[in-house]
Amino acid sequence: MKQKKKKKTKEEKTQKTIAGDLGSFSDRDCPFHGKLKIRGRVFEGKVEKKFPRRVVIEFERMIYVRKYERYAKEKTRIHARLPDCMKEEVNVGDIIKVQECRPLSKIIHFVVIKKIKGGEGK
Ligand SMILES: [Zn+2]
């Protein structure tokens, strides 16, 4: 197992070098390898959609409805930047952690920082 892990990191490193040759653009928005600073709010949620550089996560929160003096469930969706180093790790159905960062686009101001649980009990 340990040997396998080592191999993986080596592969990742080579990939990064290639990306670097292409102008070091692809990994710039990574909180661990790039220059992206993370701060602010942290959320956990389920991956609903996956795009080449972005994921959509969804989670439920309780809001108080004054009229009925009760709580109601409300779903929140967040678009988060998916760093290249986590591209293969994160898939639809996974539980992941995202943290706030500077606005990367009109809808993205969060970045994936950790995978908590795989989709099919992994
Ligand atoms: Zn990275």
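Fair warning: this is a prediction, and the values are worked out from it, not measured in the lab.

1. Structural notes on the coordination of the zinc ion
For step 1, the next point in the chain: Donor atoms from the polypeptide that coordinate the zinc ion comprise Cys-30 (SG), His-33 (ND1) and Cys-85 (SG), at 1.8 to 2.3 Å from the metal.
For step 2, the next point in the chain: One chain supplies every donor to the zinc ion, and in sequence these donors are spaced C-x2-H-x51-C. With His-33 in the loop between α1 (2–21) and β1 (38–50) and Cys-85 in the loop between β3 (70–81) and β4 (95–101), this pair connects stretches of sequence that are 52 residues apart.
For step 3, the next point in the chain: According to the relative accessible area criterion, His-33 is partly exposed, its value standing at 40%.
For step 4, the next point in the chain: With relative accessibility at 23%, the residue Cys-85 sits in the partly exposed group.

2. Here we look at the nonpolar core
For step 1, the next point in the chain: Counting residues in each nonpolar core, the largest one holds 14 residues, and the members touching the most others are Val-55, Ile-57, Val-90, Ile-96, Val-98 and Val-112.
For step 2, the next point in the chain: Counting residues per element, the ones that place at least two in this core are β1, β2 (54–65), β3, β4 and β5 (110–117).
For step 3, the next point in the chain: When neighbours within four sequence positions are excluded, Val-112 is seen to be in contact with Pro-31, Val-55, Ala-80, Arg-81, Leu-82, Pro-83, Met-86, Val-90, Ile-96, Lys-97 and Val-98.

3. Looking at the pairing of β1
For step 1, the next point in the chain: Taken together, the 6 bridges between β1 and β4 define a ladder with antiparallel strand orientation. The residue of β4 that forms the bridge with Val-42 is Gln-99.
For step 2, the next point in the chain: In terms of strand pairing, β1 meets β2 through 4 bridges, oriented antiparallel. Of the residues in β2, the one forming a bridge with Lys-50 is Val-55.
For step 3, the next point in the chain: Linking β1 to β2, which pair antiparallel, is a turn of 3 residues.

4. With respect to the packing of aromatic side chains
For step 1, the next point in the chain: All chains considered together, the criterion is met by 3 aromatic pairs.
For step 2, the next point in the chain: Arranged with centres 5.0 Å apart and planes meeting at 20°, the rings of Phe-43 and Phe-59 form a pair that is stacked. Pair noted here: Phe-43 is in strand β1 and Phe-59 is in strand β2, with a separation of 16 residues, a long-range link.
For step 3, the next point in the chain: By way of ring pairs, the aromatic residues Phe-43, Phe-59 and Phe-110 are connected into one cluster.
For step 4, the next point in the chain: Over the aromatic face of Phe-51 sits the side chain of Arg-54, whose NZ or CZ is 4.1 Å from the ring centroid.

5. Some words on unusual backbone geometry
Negative phi characterises most residues that are not glycine, and trans characterises most peptide bonds.
For step 1, the next point in the chain: A positive phi angle is found at Glu-69, which is not glycine, with a value near 50°.
For step 2, the next point in the chain: Take Glu-69: it is sitting in the loop between β2 and β3.
For step 3, the next point in the chain: Glu-69 gets classed as exposed once you look at its relative accessible area, which sits at 63%.

6. What to know about the sheet that holds β2
For step 1, the next point in the chain: Reading around the barrel, the 5 strands line up as β1-β2-β3-β5-β4 and close back on themselves, with mixed pairing between neighbours. Sheet twist, expressed as the mean angle between neighbouring strand axes with direction ignored, is 45°.

7. Considerations on the confidence of the model for the protein chain
For step 1, the next point in the chain: Residues with a pLDDT of 70 or more make up 76% of the protein chain, whose mean pLDDT is 84.
For step 2, the next point in the chain: Across residues 18–24, where pLDDT falls below 50, the model places 2 contacts with residues more than four positions away in sequence or in other chains.

About the cut-offs
- Residues numbered from 1 in each chain as written.
- Predicted model: local features only at pLDDT ≥ 70, side-chain atom pairs only at ≥ 80, totals over all residues.
- Heavy atoms only, no water.
- Donors = N, O, S within 2.8 Å, 3.2 Å for Na, K, Ca; no water.
- Helix = DSSP H or I, 4+ residues; strand = E, 2+ residues; numbered from the N terminus.
- Buried < 20%, exposed > 50% of the residue type's maximum accessible area, 1.4 Å probe, protein only.
- Core = buried A, V, L, I, M, F, W, Y, C linked by side-chain atoms within 4.5 Å.
- Contact = heavy atoms within 4.5 Å.
- Pairing = 2+ DSSP bridges.
- Phe/Tyr/Trp six-rings, centres within 6.5 Å; stacked < 30°, edge-to-face > 60°.
- Lys NZ or Arg CZ within 6 Å of the ring centre and 35° of its normal.
- Axes fitted to C-alpha atoms, helices over the stretch in contact; angles between N-to-C directions.
- pLDDT = per-residue confidence, 0-100.

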